[in-house]
Structure formats: C-alpha cells, structure tokens
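# Inside the fold
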Amino acid sequence: MAAREAGGVGLARSAEKLFSLSGLFAVYKPKGPTSAGVLNLLKEKLLAEAGVQTNGKKRNQILKIGHGGTLDSAAAGVLVVGIGKGTKMLRTMLAGSKKYTAIGLLGQATDTLDATGKVTEEKPYDQITQGDLENVLQKFTGDIMQVPPLYSALKKDGERLSTLMKRGEAVEAKPARPVRVYSLSLQQFQPPLFTLDVECGGGFYVRSLVSDIGKELSTCATMQELTRTKHGPFTLEEHALYEDKWTIDEIARSLEHCTSLLPGEPSHKKLKTEHPGETAVSCEDK
C-alpha cells in the first residue's frame, strides 16, 4: 500500500511538472512519419510518463502543444515544438530562416518532385558538369519567384492540393510567388546525384528548387532526400531531442537551455496558420 501511495505521489509530481512546462524546444523528426504523427507520439509519451490517461480527443485539450512548421513525411530533421505558453511563440519566433541539406537526382522527374512519386520523365544528364551546376545555382539565390508543387499542403477550397491529387482530381498549379534564398551551395557532385545546402525563408519548397535546377540544366531532376538542419535558432546537432530523450525532465532541461536562444532572434512577418484552431506555422518548405 505504501509503495502504491508513493508511486501515486510520484506520478502526481510528474504531471504537475509536465503541465508547468512552457516554451520552445526542438525534436528530431525521422524519415517516415508525418510531423503531426511525431507530435502525437510525443504527447502520448509525456502523458504516459505523467500517468495521465486520456482518449484521443481530450489529449489535445489537456496538453497544449504544437509544432512550428511541417516537414514532409519523407524528410527528416529539426521540428520545433511549443509547449504551454510556448505555443503562442511559434508564429512570431519561427517564421524566419531554415537550413536544409538536400540530395537531388539528375535525369529523372516525378509527379511529387521527390522520391515518393511516380516517374513522369527521364532525360540524359551526361553532359552536365560540376561547373554547370554551380553556375545555375546563382540564378536561384536571393529574392526569386517559385511555383509550389502540386503535391503540397497548400489548399484549394479548404482541401490540401496533395489530397485532391491523390483522389485523381484535376488541380491547377498555384501561381509563382516570391520566396527568399539566403544562401545556396553545392556540397557534392557525383552524377547523377548532387548535394545542396540551402538557407531559405518561409514558404519555400526545396523540392521545387531541385526540379527547377534540372530544367535550367536542360534535363530534369527530383529530390531524393531532405534534412532540415536548422529552424530559427534551433539546430539539428545542438538542440534536437531524439525519441529516447522525450521525457519530462529532458524537455525541462532543453526548455531552460533554449530560452537563451530566443531573445536575439530577429522578428519576421507572420505566416498563416496551417489549420484553424491549431498552433502551427505553415512553413511549407519541403
């Protein structure tokens, strides 16, 4: 009986600590699950540790938590999370720059612009040199216009374009829109593969960049892999917690450590919320 009471007190303290957590931290999103799926798993692990039993709908109301920008299922890397009052900080603090490492494949195009899609075109690429690729990158640096991919989180009549495409419905491409690329460099060139480091603003699609580079080189290209290495002040190496660190104490330590990162972050214009009623910045840069 005494042991059971002690256990109950321990869970109560864990729950109290969990619900007192507030601020921003970062987790590692692996390749495979959706960003929403990662967030749900994080919630489940924290609530289970605190001994809080909920059904699916109440879970969202009990623990206030959100993420600061979607990563595609096929992408990995930094996913910034707001907890408690930190959910209100996601929009203002994290609508800024992001860094990615992307691997592109020359000579092949897909309907999704990445490796998850169906091949729609194949073209020769043997003539392309490293110098050709490096010269083309200059055209995609700075303030540029970019057409978003059809398979995306952008919406038409309240539904995601990707959902409409999967149903086989006809979808018109969204018009080109202004985006910003702070830096773009070629890290490796081993035809047909090439590796890019990209730093960009909100609303930027790395998939579209790789595809556009292929077209500029008179061939085609598709993105094979994507890793977000930095989002705002949060980096993959220093701040992203892997799943084995998704505990109340580890997140409390991370929140304390990450507090010092936030005041110096420059303000950026706000982006639209991805889903009404949810705290998530729609940084559709995938």
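Heads up: these notes are all about the structure in this document. Not measured: the values here are computed from a predicted model. (Residues numbered from 1 in each chain as written. Predicted model: local features only at pLDDT ≥ 70, side-chain atom pairs only at ≥ 80, totals over all residues. Heavy atoms only, no water.)

It is worth spelling out the pattern of salt bridges at this point. By the definition in use, this model includes 8 salt bridges. A salt bridge links Lys 17 to Asp 249; the nearest nitrogen and oxygen atoms lie 2.6 Å apart. Taken as a pair, Lys 17 in helix α1 (residues 2-20) and Asp 249 in helix α9 (residues 248-259) lie far apart in primary sequence, 232 residues in all. The exposure class of Asp 249 is partly exposed, given its relative accessible area of 37%. (Salt bridge = Lys/Arg side-chain N within 4 Å of Asp/Glu carboxyl O. Helix = DSSP H or I, 4+ residues; strand = E, 2+ residues; numbered from the N terminus. Buried < 20%, exposed > 50% of the residue type's maximum accessible area, 1.4 Å probe, protein only.)

In this structure, Asp 114 sits in the loop between β5 (108-110) and β6 (119-122). Among buried Asp, Glu, Lys and Arg side chains, Asp 114 stands out as unpaired, with Arg 207 the closest opposite charge at 4.4 Å. Setting aside residues no more than four positions away along its own chain, Asp 114 makes contact with Asp 72, Arg 207, Thr 222 and Met 223. (Lys, Arg positive; Asp, Glu negative; His and termini not counted. Contact = heavy atoms within 4.5 Å.)

Two elements, strand β7 (residues 142-146) and strand β10 (residues 177-190), share 5 bridges in a ladder whose sense is antiparallel. Each residue of the ladder has a partner; that of Gln 146, found in β10, is Arg 177. Sheet topology places β10 next to strand β11 (residues 193-200); 8 bridges connect them, and they run antiparallel. Of the residues in β11, the one forming a bridge with Ser 183 is Glu 199. Following β10, the chain reverses through 2 residues before pairing antiparallel with β11. (Pairing = 2+ DSSP bridges.)

Turning our eyes to something else, we now look at the packing of aromatic side chains. Per the counting criterion, the structure on display carries 1 aromatic pair. Centroid distance Tyr 28 to Tyr 242: 4.4 Å. Interplanar angle 20°. Geometry classified as stacked. Note that Tyr 28 is positioned in strand β1 (residues 23-29) and Tyr 242 in the loop between β14 (240-241) and α9, a separation of 214 residues in sequence. (Phe/Tyr/Trp six-rings, centres within 6.5 Å; stacked < 30°, edge-to-face > 60°.)

Below, the discussion takes up helix α7 (residues 206-216). Helical geometry note: an α-helix holds 3.6 residues per turn, so side chains three or four residues apart project in the same direction. Burial analysis of α7 places 8 of its 11 residues in the buried class, which makes it a mostly covered element. Those residues of α7 that sit buried are Val 206, Arg 207, Ser 208, Leu 209, Val 210, Ser 211, Ile 213 and Gly 214. On the buried face of α7, the contacting elements are β4 (98-106), α5 (130-137), β7, β10, β11 and β12 (221-231). Following α7 by one or two positions, Ser 218 has its phi on the positive side, about 60°.

We now examine the nonpolar core. Among the nonpolar cores identified, the biggest contains 29 residues, and Leu 184, Phe 194, Leu 196, Val 198, Phe 204, Leu 209 and Ile 213 are the most heavily contacted of them. Of all elements in the fold, only β4, α5, β10, β11, α7 and β12 reach the threshold of two or more residues within this core. Counting residues per element, this core draws most heavily on β10, at 5 residues. Residues Leu 21, Val 38, Val 81 and Ile 83 belong to the second largest nonpolar core, which totals 22 residues. (Core = buried A, V, L, I, M, F, W, Y, C linked by side-chain atoms within 4.5 Å.)

Summarising the element assignment, Leu 106 is placed in strand β4. Along the sequence, Leu 106 and Thr 219 sit 113 residues apart, while their C-alpha atoms lie 7.3 Å from each other. Aside from chain neighbours lying at most four places away, what touches Leu 106 is Tyr 125, Ile 128, Phe 189, Pro 192, Phe 194, Leu 217, Thr 219, Cys 220 and Ala 221.

Right, let's talk about unusual backbone geometry for a bit. It is generally the case that most residues other than glycine have a negative phi and that most peptide bonds are trans. For the peptide bond that leads from Pro 191 to Pro 192, omega is 10°, which places it in the cis range. With respect to the helices, strands and loops of the structure, Pro 192 is situated in the loop between β10 and β11. Here Leu 113, not a glycine, exhibits a phi torsion of approximately 70°, which is positive. With respect to the secondary-structure elements, Leu 113 resides in the loop between β5 and β6. Looking at Leu 113, the relative accessible area reads 18%, which means it is buried. The residue Ser 218 is not glycine, and still its phi comes out positive at about 60°. With respect to the secondary-structure elements, Ser 218 resides in the loop between α7 and β12. Exposure remark for Ser 218: the relative accessible area of 57% places this residue in the exposed category.

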